[in-house]
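Summary of structural features
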Amino acid sequence: MARIKKKGQAGAAKNYVTRNQAIRKLQISLPDFRQLCIWKGIYPREPRSKKKVSKSSTASTTFYYAKDIQYLLHEPLLQRFRDQKALEKKISRALGRGNVSDAKRLETNAARPEKTGKPRYTLDHVIRERYPTFNDSLRDLDDCLSMLFLFANLPSTSSVPAKMIARCERLCLEFQHYLIVSKSLTKSFLSIKGIYYQANIQGEDVLWLVPYKFNQRIVGDIDFRIMGTFVEFYMTLLGFVNFRLYTSLGLKYPPKFDVTKDENSAELGAFTLEGKSLVAPEEPKQLEDVPHRPDPRVQAAVNKVLKTMKSGESEEDGEAPGNANETEQDTTNGTLDKFEPTAEGGDVLPQPTSGGSQGSLFSNFTIYLSREAPRQPLEFLLKAFGCKRVGWDAVLGEGASTTDELDPSITHQIVDRPPIQAAMEEDGDGEDNQTSWKLAGNQRVPGRIYVQPQWVWDSVNDQELKEPHLYAPGASLPPHLSPFVKQVQGAYDPTVPLEQQETEAEALEAAEDEDADETVEGMDVAGSEDEDEDEDGEDEGDAKGNDGSEGPSDDDEDAAEDDEGDETKPVDAKAKAREGAKKALSKKSRDEAEELERAKGMLSKKKRKLFEQMEYTNKKKSAEDQKLRAKRRRFEKEKARGKA
């Protein structure tokens, strides 16, 4: 007789456990359980059938894999949590009995990081377990960097301690120094949320978000305990990654940190890198001029062999010497091959780029940052692309290559304000009362190029220096497009003229709108002219009536009617042509729809559903693109009216 299976002891019910069951099995509190799950990468699971798994009727039960909870039983951090819980019980028991001295003794004997400097626990073994290889840690670096850069910009509160913020900021600056030295940064984008950066680190693309340097307001509805748990894990992870990256370049980790410079807002300038890669290589010693003469018999034999080889190659190939020179020039030339699509609208292959030119984009410039420009992102971006001389005003902090705005070695100055007509004082001392610039309003240093900050970002994303006059102070800037969005055929592209990407229906609609606007404007102009003519006619009629002259004849009225008929003929021709185009377009769309329905009827039910989902998604995207094109059409029309 087969053994009777009891409910809840086999199958899916055995593979899952509830959160309360897991807490009872591990014998820890709920906050400690959440902390442990975040560090170990264990998350709740959704079973296929809750009725089979759940032993109760509660619908909002959280389930975990039973194997994951069994795996947590062997975690060394569990003993740390239990020791801390036992200590807290002893202290509370002593305070309940009134033994303050015993409670104080127990507290002083405990491991206190703020007093002894030794942490209660370390997460090193967790990092090694979750990331067996270094590439695994690089793939998980996106959220890590975004979280740490966020906490580095937060103000210190009771829920966010100052030590955590200082450590986050220090780790982020160390990581930025690695990107500057290795020239791994590739792209950056200014968005509403913040500044996006992308770097290629040992073949892995890492993308993270850095918030703007604004005063952050801490909101009470955010659970900073959960976020602090992630930050604690990410700080350990980034420490490991920084150590590995620095040692791969031959740099000493951690770099020297100057507290005084950091207090004076030096940030990147507060660190001093040390290592083999930063030391200039010693020049090789020149050898003594010793005459080395080869054996004449050996040299003659070598020359003979080379001569026969050259003659044989020229006979076999049959090439002219000019072609050989051309091929040699092609191979020795530094130009790279370009992969162009064979058909129009085909996939564009990534073009090969030389690594040295990208990292030295601003290497020949000395750039000065005005006080209104964002110093931190500009300094990092310029240094990451080769600029070693970045200066700013001494008020912004230490670490500048120059603090003198009138330094003649400055080639570019980044200004983030329009030209201001300075209000001069009555005594005529020539000082600007609106700003505290060292230069008067609208005064420029001769020979220096003034640009807006977007020039740096667009030059970096396009990997070439953009024309400075397009980014001059007060100029209307070109659109700042995201380098992470790939252009799809048929989608809206703001860099392409509107006439080249709109559909036939949109073109007809736009033409009708233009004709309607022209007729409205013509009616307004004609109305105003008629009013003027009526006034003039009344004056002339009065004058002629007084003189006894006659009114207009019938011949004049017939000539006027003929002129009006000639004016309406081209308008009617345009309208007829547009109506014909509309009918042809509607017939074409009907035929395509019928053909599509016939093709869908040949598909199976599963493929038809999949095709309908794809069709819905494409229609949604095309509707969004159509809205963007209509918005741009209105903008261009308003701009043309303003110029007129």
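Residues numbered from 1 in each chain as written. Predicted model: local features only at pLDDT ≥ 70, side-chain atom pairs only at ≥ 80, totals over all residues. Heavy atoms only, no water.

What counts, and what does not: UniProt positions are given in the numbering used here, feature names are shortened, and annotations may be inferred rather than shown by experiment.
Looking at an unreviewed UniProt entry, the protein carries the name Pescadillo homolog, with the source organism given as Hirsutella rhossiliensis. UniProt's Subunit (unreviewed entry) comment on the protein is quoted here verbatim: "Component of the NOP7 complex, composed of ERB1, NOP7 and YTM1. Within the NOP7 complex ERB1 appears to interact directly with NOP7 and YTM1. The NOP7 complex also associates with the 66S pre-ribosome."

Quick word on the pairing of strand β4 (residues 195–201)
Taken residue by residue, a regular strand's side chains alternate between the two faces of the sheet. Worth spelling out the cut-off: A simple rule labels every residue: compare its accessible area, found with a 1.4 Å probe on the protein chains alone, to the largest value its type can have, and call it buried under 20%, exposed over 50%, or partly exposed in between. Strands here mean DSSP runs of E at least two residues long; helices mean DSSP runs of H or I at least four residues long; both are numbered from the N terminus. In this description, strands pair whenever DSSP reports at least two bridges between them.
With five of seven residues buried, β4 lies mostly within the body of the structure. Where strand β3 (residues 185–190) lies against β4, five bridges are found, and the strand directions are antiparallel. Paired with serine 188 across the two strands is tyrosine 197, which belongs to β4. From the end of β3 to the start of β4, which pair antiparallel, there are four residues. Summarising the sheet, β4 and strand β5 (residues 204–210) pair through seven bridges and their orientation is antiparallel. Residue pairing in the sheet places tyrosine 197 in a bridge with tryptophan 208 of β5. Linking two consecutive strands that pair antiparallel, namely β4 and β5, is a turn of two residues; a positive phi of about 50 degrees is found at glutamine 202 within it.

Regarding the nonpolar core
Selection rule: What makes a nonpolar core is a set of buried Ala, Val, Leu, Ile, Met, Phe, Trp, Tyr and Cys residues whose side-chain atoms join them at distances within 4.5 Å. Working rule for contacts: check all heavy atoms of both residues, and any pair within 4.5 Å makes them a contact.
Core analysis: the largest hydrophobic core is formed by 90 residues, its most contacted members being Phe151, Leu185, Trp208 and Phe362. If one sorts the elements of this core by residue count, helix α13 (residues 224–248) sits on top with eleven residues. Not counting chain neighbours up to four residues away, the residues in contact with phenylalanine 151 comprise Val160, Met164, Ile165, Cys168, Phe224, Met227 and Val231. Within the second largest apolar cluster, five residues are counted, among which are Leu87, Ala94, Ala103 and Leu106.

Digging into the packing of aromatic side chains
For any two aromatic rings, the description comes down to two numbers: the centre-to-centre distance and the angle of the planes. Note the threshold: Pairing of aromatic rings covers Phe, Tyr and Trp, the last through its six-membered ring, and needs centres within 6.5 Å; plane angles under 30 degrees mean stacked, over 60 mean edge-to-face, and all others mean tilted.
By the definition in use, this model includes 19 aromatic pairs. Between tyrosine 212 and phenylalanine 214 the ring centres are 5.9 Å apart and the planes differ by 40 degrees, which places this aromatic pair in the tilted class. The exposure class assigned to tyrosine 212 is partly exposed, which follows from its relative accessible area of 23%. Its relative accessible area of 59% is what places phenylalanine 214 among the exposed residues. Ring-pair connections join several aromatic residues into one group, and the members of that group are Phe149, Phe175, Tyr197, Trp208 and Phe380.

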